[in-house]
Amino acid sequence: MRVLVLGGGGREHALCWSIAQSPLLEKLYCAPGNAGIAAVAECTALDPDSDEAVIAFCQRESIDLLVIGPEAPLAAGVSDAARAADIRVFGPSRAAAMLEISKTFTKNICDASGAPTAAYAAFDLPEDAKAHVRQTGAPIVVKADGLAAGKGVIVAETEADALAAIDHIFDGPGGASVVLEEKLMGEEASFFILTDGKTILPLAGAQDHKRAYDGDDGPNTGGMGAYSPTPSLTPMLEQAALEQIVTPILTEMTARGTPYGGILYVGLMLTADGPKLIEINARFGDPECQCILPRLKTDLLPVLAACADETLAGTTLDWRNETCITVVMAAKGYPGSYDKGDPIGGLTDAATDPKVTVFHAGTKADGDQTLANGGRVLGITALGQDIAEARSRAYSAIKAIDWPGGFHRTDIGWRAL
Ligand code: AMP
Ligand code: GLY
């Protein structure tokens, strides 16, 4: 198979690394890719959000499967345009990706399907949202309705913080309207499901660490580390989430004539009343993808193709009996402003242990040097018999990395330990 992966983060490195191991692979491209992806795929500079550029490339290179990593190409309609051009696509239609694109859309789907989620109200005007906050008080969760690159949610503990958050969101990207939500209490878990619109195949659970600093302190980020499986998502809770959340939502999407196909990322809060939906994403989680795929023994490529072909029924997945952890190394300053262009040393030494893989998230090659080129830059990933072993491998590997401009959390996996 000739495959094109869209994206250039740690998630796409993990996807390319996995696909590159498939005996069915003939040629792998990635757009735009990064310095790490270039070791397993041919990186190409085309714009992943441009349907014209993607389609022209797929036709010119006889691509058999287009795999869409991030949400932006989905929101830009690339999956629909490619399918209309007879290209086989792993990734939902834009209509189905509305589950990620709009929080109010997902809340409406929850209402219609009975999937448990936080109580909410949506507002188009900041004054109305503020009046609601003054009435209900804090704590309250303030969310941008639209895509905001993981930065559109503020869990406000005080009324003053909530009012400031409303102004912040209306001034930022994705801020045409705001959703105010009840704060749910419990442990969070990410649950990933593959589906072709007909068959539902649970993939794995993972635990992300969204806050920037140790002790789950500091601002929310795209994710500073993750591990999989997560003991918090017990088989019983996973079953409850499938029955009460995943199946009703997917059934509702099909009933509306917009069946969901691809990977469904279900963000859960495990509350005292059972799992409740926090959010849905229409893509793999990042860094969660980096700690899920190394556990998978089954060839990923035909599974992705089966999702695209609606032939997922009968597919089973075989897993390594190990835990996997990813520790993100980010540029100092992230998730705020940060410098780019610092050279990173020690990448080869860090990955000498065969149980360790260094996924690149934001890197760029400059001759034989690797330069930091983003907020989240590396995902140091390690397998182990349990979380403690995986974690100590990952942190030993980090010691080999020479990058004074970077930082990482030192407590990834603490909840499971
Ligand atoms: P989201 O982008 O919707 O996943 O929100 C980002 C993060 O904000 C989540 O991972 C949670 O940590 C937190 N969060 C979002 N919604 C809620 C909620 N209703 N109650 C408590 N925490 C929440
Ligand atoms: N790690 C969170 C996300 O991918 O949205």
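Further up the page is the structure itself.
Here goes a summary of the coordinates provided. (Residues numbered from 1 in each chain as written. Chains lettered and ligands numbered in written order. Predicted model: local features only at pLDDT ≥ 70, side-chain atom pairs only at ≥ 80, totals over all residues. Heavy atoms only, no water.)

## Some remarks on the overall build of the chain
Helices and strands together make up the secondary structure of the chain, namely 13 helices and 23 strands. Radius of gyration (C-alpha) of the chain: 20 Å, near the 22 Å computed for a compact globule of 417 residues. Along the three orthogonal principal directions, the C-alpha set of the chain runs to about 60 × 50 × 40 Å. In the chain, which comprises 417 residues, the share counted as buried stands at 56%. Relative to all contacts within the chain whose residues are 6 or more apart in sequence, the contacts with residues 24 or more apart total 68%. When the accessible area of the chain is evaluated, it comes to approximately 16200 Å², of which 49% is carbon and sulfur surface. One finds the centroid of the 33 positive side-chain charges in the chain at a distance of 2 Å from the centroid of its 54 negative side-chain charges. (Helix = DSSP H or I, 4+ residues; strand = E, 2+ residues; numbered from the N terminus. Rg over C-alpha atoms; globule rule 2.2 N^0.38 Å. Buried < 20%, exposed > 50% of the residue type's maximum accessible area, 1.4 Å probe, protein only. Contact = heavy atoms within 4.5 Å. Areas by Shrake-Rupley, 256 points an atom, 1.4 Å probe, with all protein chains shown as cover. Lys, Arg positive; Asp, Glu negative; His and termini not counted. Charge placed at Lys NZ, Arg CZ, Asp CG, Glu CD.)

## Observations concerning the site of ligand 2
By nearness alone, every residue bordering ligand 2 is listed as Asp208, Lys210, Gly222, Tyr265, Asn281, Arg283, Gly285, Asp286, Pro287 and Glu288. The contact in question runs from an oxygen atom of ligand 2 to an N or O atom on the side chain of Arg283, over 2.9 Å. Considering ligand 2 on its own, with 200 Å² of exposed area, one finds that the protein chains cover 90% of that surface. For the shell around ligand 2, the residue count by class is 2 nonpolar, 3 polar and 5 charged. (Near = heavy atom within 4 Å. Polar contact = N/O pair within 3.5 Å; in protein donor to acceptor, adjacent residues only side chain to side chain. Nonpolar A, V, L, I, M, F, W, Y, C, P; charged D, E, K, R; others polar.)

## Notes on the pairing of strand E17 (residues 323–331)
Regular strands have side chains that alternate between both faces of the sheet. Of all 9 residues making up E17, 9 are buried, and the element is well covered by its neighbours. Burial along E17 is two-sided: Thr323, Ile325, Val327, Met329 and Ala331 facing one way and Cys324, Thr326, Val328 and Ala330 facing the other are all buried. When strand E14 (residues 225–228) meets E17, the two strands line up antiparallel, connected through 4 bridges. Note that in E17 the partner of Ser228 across the bridge is Cys324. The pairing of E17 with strand E22 (residues 376–384) spans 8 bridges and is classified as antiparallel. (Pairing = 2+ DSSP bridges.)

## As for the sheet that holds strand E9 (residues 178–181)
Strand order in the open sheet made by the 4 strands is E6-E9-E7-E8, with antiparallel pairing throughout. The sheet terminates laterally at strand E6 (120–123) and strand E8 (153–156), the two strands that pair on one side only. Taken pair by pair, the neighbouring strands of this sheet meet at an average axis angle of 20°, ignoring direction. Sheet topology note: the E6/E9 ladder contains 4 bridges and is antiparallel. Residue pairing across strands places Ala122 opposite Val179, the latter belonging to E9. The strands touched by helix H6 (residues 103–113) are E6, strand E7 (140–144), E8 and E9; relative to E6, the strand with the most contacts, the crossing angle is about 140°. Packed onto the sheet, helix H8 (residues 159–171) meets E6, E7, E8 and E9 and runs at close to 5° relative to E7. (Axes fitted to C-alpha atoms, helices over the stretch in contact; angles between N-to-C directions.)

## A few points about the site of ligand 1
Taken together, 16 residues form the shell around ligand 1, and within it Glu181, Leu184, Glu188, Lys210 and Glu279 come nearest. Measuring from an oxygen atom of ligand 1, one finds a side-chain N or O atom of Lys103 at 3.1 Å. Separating an oxygen atom of ligand 1 from a side-chain N or O atom of Lys210 is a distance of 2.9 Å. Calculation on ligand 1 without its partners gives an accessible area of 470 Å², and the protein chains cover 91% of this total.

## A look at the sheet that holds strand E21 (residues 369–372)
What the 3 strands build is an open sheet, ordered E18-E21-E20; its pairing is antiparallel. In this open sheet, the two strands that pair with only one neighbour each are strand E18 (343–344) and strand E20 (363–366). One ladder, built from 4 bridges, connects E20 with E21; its direction is antiparallel. Within E21, the position partnered with Thr363 by the bridge is Ala372.

## Structural notes on the nonpolar core
Of all hydrophobic cores here, the largest spans 46 residues; its most connected members are Leu4, Leu66, Leu99, Phe191, Ile249, Leu264 and Val266. For this core, the element with the highest residue contribution is helix H9 (residues 235–255), accounting for 7 residues. Among residues more than four places away in sequence, those in contact with Leu4 are Tyr29, Cys30, Ala31, Val54, Phe57, Cys58, Ile63, Leu65, Leu66 and Val67. Among the nonpolar cores identified, the runner-up in size contains 36 residues, and Leu28, Tyr265, Ala305 and Leu317 belong to it. (Core = buried A, V, L, I, M, F, W, Y, C linked by side-chain atoms within 4.5 Å.)

## Points about the pairing of strand E4 (residues 65–68)
Covered by surrounding structure in E4 are Leu65 and Val67 together with Leu66 and Ile68, the residues of both alternating faces. Bridging between strand E1 (residues 2–7) and E4 involves 4 bridges; their strand directions are parallel. Bridge assignment links Leu6 to a residue of E4, and that residue is Ile68. As judged from the 2 bridges shared by E4 and strand E5 (residues 89–90), these two strands associate in the parallel manner. Directly across from Leu66, in E5, lies its bridge partner Val89.

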